[in-house]
Amino acid sequence: LQRSVFGVKHFFRLRSENEILSARVAELENRLALYQERESSIATDTLSLALVDSTYVEQFTQYTYLPARIISNTINRNRNYITLNRGRQHGITEDMAVISPDGSMVGYIVGCSDRYSVAISILNDKFTTSGKIVDDDHFGSITWNGRSPHKVQMSELTKYAEFEVGAPVVSSGLSHIFPEGVKIGVVESFSENDNQTSFDVVVRLAADMTKVSNVLVISNDGYIEATELEEVARK
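Scoring rules and cut-offs
- Residues numbered from 1 in each chain as written.
- Predicted model: local features only at pLDDT ≥ 70, side-chain atom pairs only at ≥ 80, totals over all residues.
- Heavy atoms only, no water.
- Pairing = 2+ DSSP bridges.
- Helix = DSSP H or I, 4+ residues; strand = E, 2+ residues; numbered from the N terminus.
- Axes fitted to C-alpha atoms, helices over the stretch in contact; angles between N-to-C directions.
- pLDDT = per-residue confidence, 0-100.
- Contact = heavy atoms within 4.5 Å.
- Phe/Tyr/Trp six-rings, centres within 6.5 Å; stacked < 30°, edge-to-face > 60°.
- Buried < 20%, exposed > 50% of the residue type's maximum accessible area, 1.4 Å probe, protein only.
- Salt bridge = Lys/Arg side-chain N within 4 Å of Asp/Glu carboxyl O.
- Core = buried A, V, L, I, M, F, W, Y, C linked by side-chain atoms within 4.5 Å.

### Some words on the sheet that holds strand β12 (residues 214–220)
- Pairing within the closed barrel is antiparallel, and its six strands lie in the order β1-β2-β5-β4-β3-β12. Within the sheet, the average angular offset between the axes of one strand and its neighbour, ignoring direction, is 45°.
- Note: strand β1 (residues 63–73) against strand β2 (residues 79–84), three bridges, orientation antiparallel. Each residue of the ladder has a partner; that of I70, found in β2, is L84.

Written out as structure tokens, the structure reads:
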């Protein structure tokens, strides 16, 4: 009995520590985003450093990071979803990115209630986003073929891309959901497609989707404005 009690206490202590870690990572990510925006604005603006105060910089910060805990997650279906313990009352809305505390891609929000939200997992045959090879910058489409929970596929990568097995793959920033540079994984193998016009790439995931428990949800303050403008342009 004593051993069982110790195990339960250890479980709740570990979960609490993980939640504290996620909150701390969120705080650091917000500080980093603010710092990067400040550096960018200083480099491109003629305002002196003395005039660029935190209030001025903050209005240009595009991304914020919100910690959440996974309360339900499937990996053995063709269409897997993740349920989080945060919802609209916590600032979560549809089309927000979901990443692990170490910055690896997990999914994005597709539904919310006041207290909970549901994300489409990267392990879902309806999931798609844009990825690129680090140090090459050519981009392709990231999807999942419904097989291994540790691998996704990159297609439509131009045959002019130069890379090797082991090359890191990250989000391209061409999607308004994921910021540029979110880790997707590394190249495990690749081959030319049937038409020999592009590469088909197998990417080993950076996130271990079989045991991820705490996540960060990313809010893009420019998402609505950008998508609405694109919809007008398409008409």
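### Here we look at the confidence of the model for the protein
- Chain-level statistics for the protein give a pLDDT mean of 83 and a share of 72% at 70 or above.
- Note that pLDDT drops below 50 for residues 8–12; the model gives that stretch zero contacts with residues more than four away or on any other chain.
- In the model, residues 46–60 has pLDDT below 50 throughout and makes 14 contacts with residues more than four positions away in sequence or in other chains.

### Observations concerning the sheet that holds strand β8 (residues 151–158)
- Strand order around the closed barrel formed by six strands is β6-β7-β8-β11-β10-β9, with antiparallel pairing between neighbours. On average, each strand axis in the sheet is inclined to that of its neighbour by 40°, with strand direction left out of account.
- Taken together, the three bridges between strand β7 (residues 139–143) and β8 define a ladder with antiparallel strand orientation. In the sheet register, T143 faces β8, and the bridge partner there is Q153.

### Thoughts on the pairing of β8
- Here β8 pairs with strand β11 (residues 198–205) via six bridges, running antiparallel. In the sheet register, M154 faces β11, and the bridge partner there is V201.

### Considerations on the packing of aromatic side chains
- Taken as a whole and assessed by the stated rule, the structure comprises six aromatic pairs.
- Centre to centre, the rings of F190 and F199 are 5.5 Å apart; their planes meet at 85°, and the pair counts as edge-to-face.
- Among the residues examined, F190 registers a relative accessible area of 34% and is labelled partly exposed.
- Joined through ring pairs, the aromatic side chains of Y108, F127 and F178 make up one cluster.

### A word on the pattern of salt bridges
- On inspection of all chains with the given rule, the structure shows seven salt bridges.
- With a closest N to O distance of 3.0 Å, D125 and R79 form a salt bridge. Residue D125 is located in the loop between β5 (117–124) and β6 (129–133), and its partner R79 is located in strand β2; the two are separated by 46 residues in the primary sequence.
- Overall, D125 belongs to the partly exposed group, its relative accessible area being 34%.
- Residue R79 is classed as partly exposed on the basis of its relative accessible area of 43%.
- Bridged by salt links that share partners, the residues K132, D137 and E180 form one connected network.

### A look at the environment of L157
- Looking at where L157 falls in the secondary structure, it is placed in strand β8.
- Residue L157 is classed as buried on the basis of its relative accessible area of 0%.
- C-alpha separation for the pair L157 and S198, spaced 41 residues apart in sequence, amounts to 5.3 Å.
- Setting aside residues no more than four positions away along its own chain, L157 makes contact with I133, H138, F139, G140, F163, S198, F199 and V201.

### Re the nonpolar core
- Grouped together as the largest cluster of nonpolar side chains are 49 residues, with contacts concentrated most on L84, I109, F163 and M209.
- By residue number, the principal contributor to this core is strand β4 (residues 105–112), which donates five residues.
- Filtering out sequence-adjacent residues up to four positions away, F163 remains in contact with I133, L157, V187, F190, F199 and V201.

### Topic: unusual backbone geometry
- With phi around 70°, D95 is a residue other than glycine that occupies positive phi space.
- For D95, the location among the structural elements is in the loop between β2 and β3 (97–99).
- Residue class for D95 comes out partly exposed when judged on its relative accessible area of 30%.
- For D137, which is not glycine, the phi torsion reads 75° and is therefore positive.
- Relative to the helices and strands, D137 resides in the loop between β6 and β7.

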